[in-house]
Amino acid sequence: MNPLLEKLHPYPFEKLRALFAHVTPSAAHKAISFGIGEPRHPTPALIKEAIVASLDGLASYPATAGSEALRKAIAAWLRKRYDVEVDPVTEILPVAGSREALFALAQTVVDGSRPDAVVLCPNPFYQIYEGAALLAGATPWFANSDPARNFACDYAAVPDEVWARTQLLYVCSPGNPTGAVLTLDDWRELFALSDRHGFVIASDECYSEIYFDEGAPPLGALEAARRLGRDWTRLIVLSSLSKRSNVPGMRSGFVAGDAALMKRFLLYRTYHGCALSPVTQSASIAAWGDEAHVIENRTMYAEKFRTVTPMLASVLDVRLPDAAFYLWVDVRRSGLGDEGFASRLYAEYNVTVLPGSYLARDAHGTNPGSGFVRIALVASVAECVEGAQRIVAFCEGLAQTRAA
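Keep in mind the model is a prediction, meaning the values are calculated, not measured.

Here is what the cut-offs are and how they apply
- Residues numbered from 1 in each chain as written.
- Predicted model: local features only at pLDDT ≥ 70, side-chain atom pairs only at ≥ 80, totals over all residues.
- Heavy atoms only, no water.
- Helix = DSSP H or I, 4+ residues; strand = E, 2+ residues; numbered from the N terminus.
- Rg over C-alpha atoms; globule rule 2.2 N^0.38 Å.
- Buried < 20%, exposed > 50% of the residue type's maximum accessible area, 1.4 Å probe, protein only.
- Contact = heavy atoms within 4.5 Å.
- Areas by Shrake-Rupley, 256 points an atom, 1.4 Å probe, with all protein chains shown as cover.
- Lys, Arg positive; Asp, Glu negative; His and termini not counted.
- Charge placed at Lys NZ, Arg CZ, Asp CG, Glu CD.
- Core = buried A, V, L, I, M, F, W, Y, C linked by side-chain atoms within 4.5 Å.
- Pairing = 2+ DSSP bridges.
- Expected span 1.5 Å × (residues − 1).
- Phe/Tyr/Trp six-rings, centres within 6.5 Å; stacked < 30°, edge-to-face > 60°.
- Lys NZ or Arg CZ within 6 Å of the ring centre and 35° of its normal.

Chemist: I would appreciate a short explanation of the overall build of the protein chain in the present structure.
Modeler: When helices and strands are counted, the protein chain shows 14 helices and 13 strands. Relative to its length of 404 residues, the protein chain is compact, with a C-alpha radius of gyration of 21 Å against a globular reference of 22 Å. Projected onto the principal axes, the alpha-carbon positions of the protein chain cover approximately 65 × 55 × 45 Å. Counting the 404 residues in the protein chain, one finds 56% classified as buried. Pairs at least 24 apart in sequence give 75% of the contacts found in the protein chain among residues at least 6 apart. Counting every atom, the protein chain has about 16,500 Å² of accessible surface; 54% of that belongs to carbon and sulfur. Here the protein chain carries 38 positive and 44 negative side-chain charges, and the mean point of each set is 2 Å from the other.

Chemist: Whenever I open this one, the nonpolar core confuses me. Can you help?
Modeler: The tendency in soluble globular proteins is for nonpolar side chains to be buried as a group. Of all hydrophobic cores here, the largest spans 46 residues; its most connected members are L78, W187 and L190. Top element by residues in this core is helix α3 (residues 68-82). It accounts for six residues. Ranked by size, the runner-up nonpolar core spans 38 residues in total, among them I210, V318, F325 and L398.

Chemist: Please clarify how the pairing of strand β2 (residues 92-95) should be interpreted in this entry.
Modeler: Strand residues, when the strand is regular, have side chains that alternate between the two faces of the sheet. Across the two faces of β2 the burial is the same, with I92 and P94 and L93 and V95 all buried. By the bridge criterion, four bridges tie β2 to strand β9 (residues 253-257) in an arrangement that is antiparallel. In the sheet register, I92 faces β9, and the bridge partner there is A256.

Chemist: How should I be thinking about helix α12 (residues 292-313) in this particular structure?
Modeler: Think of an α-helix as 3.6 residues a turn; residues three or four steps apart then line up on the same face. Taking 1.5 Å per residue, 22 residues should reach 32 Å; α12 reaches 32 Å between its end C-alpha atoms and fits that length. Those residues of α12 that fall on the buried side of the exposure criterion are H293, V294, N297, R298, Y301, A302, K304, F305, V308, T309 and L312. Each element contacted by the buried residues of α12 is listed here: α2 (45-53), α9 (241-245), α11 (278-288), β10 (326-330), β13 (372-376) and α14 (381-403).

Chemist: Explain the packing of aromatic side chains to me, please; I cannot follow it from the model alone.
Modeler: For any pair of aromatic rings, the description consists of the separation of the ring centres together with the inter-plane angle of the planes. Counted according to the given criterion, the structure contains 21 aromatic pairs. Each ring, one from W77 and one from W288, has its centre 4.8 Å from the other, and the planes form 50°; the classification is tilted. On the criterion of sequence distance, the pair formed by W77 in helix α3 and W288 in helix α11 is long-range, its members being 211 residues apart. Of the two residues, W77 and W288, both sit in the buried class. Seen from their ring centres, F125 and F142 are 5.1 Å apart, and the 35° between their planes marks the pair as tilted. Placement of the pair is F125 in the loop between β3 (118-123) and α5 (128-135) and F142 in strand β4 (residues 139-146), with a sequence separation of 17 residues. Side by side, F125 and F142 carry an identical accessibility label, which is buried. Each member of the aromatic cluster is reached from another via a ring pair, and the members are W77, Y82, F254 and W288. Above the ring of F265, the side-chain terminus of R269 is found at 5.5 Å from the ring centroid.

Laid out in structure tokens, this is it:
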């Protein structure tokens, strides 16, 4: 067996199941889960119709590079969204969702024969980054989030000797779980570091279309490069339809950027065997070509955040994130740690939240997720409000107990 598999950590939801194993949830309340970041808004009709209309496509093998029509649809979306010109032939690859591509990219980029190879990750983070680094033979190094910068990573705290060994930098903007968005100054700093040390930047942008101000969409890496007068050298962007279009089960996204890296990534993927079904490709073309359903999706999220955030802020330390569909909630004033808060909330009110320490690692003397919980506002407005009401009642009960 591959000995590197022994280095993998349990997934956060495995830890959550273990935490709840001996907890009986309140029978007086129906279950409400804010634990998993799985979109639960209805899948748009235009996507379902495109799937049905293209079922004859199952009779042929798909190309790993995807159809010309899909690559052109993605290029058109990038042009409209970020005002960038990306070559659909050499700089775009459709992928089976961003998750598999985030993992596979490390296997392409990292030279695991170097014993000092580093993959730098945000902390807290999406656990695929760590697993990809470990199985590529590298050591993950974690850049802790900074509460003073709305939980953006403190890259200035990374030592020069770590940057010198870094082969791949994962960034997530908007971030999971904090919702933090990198600024143009952040990108200027990261590009300069990449130029100096030669590492690849992989920008995970799967939450890019969930934000709260229609006039100020989150900055993307390709857009930042264009605004700074750069090309895509050592830069790869990953995006997905899962959150944007409410189709996590369809497994469709794309990778775009540096043509030289994309050529090697295509070679890897040809052997890896992750070509998108022709049916999925047809549905993806329909999805990338339509913005009406995306605006409707954002409107629903914005209503939930406008309603729920002030409710929770009355009893906990929380503020509106830059973007994405999570609230990153400081629960320390409850008198409980993040595991204790999640466990008792589940037992007393049948509401599931994810302890923040499960999404982070102990690094540089601290676990930046400790004392926080992640709340995924993916359910209906009504269910999110009811869940928030229960959390408020739970916290008020804790406060009364402490006062007594």
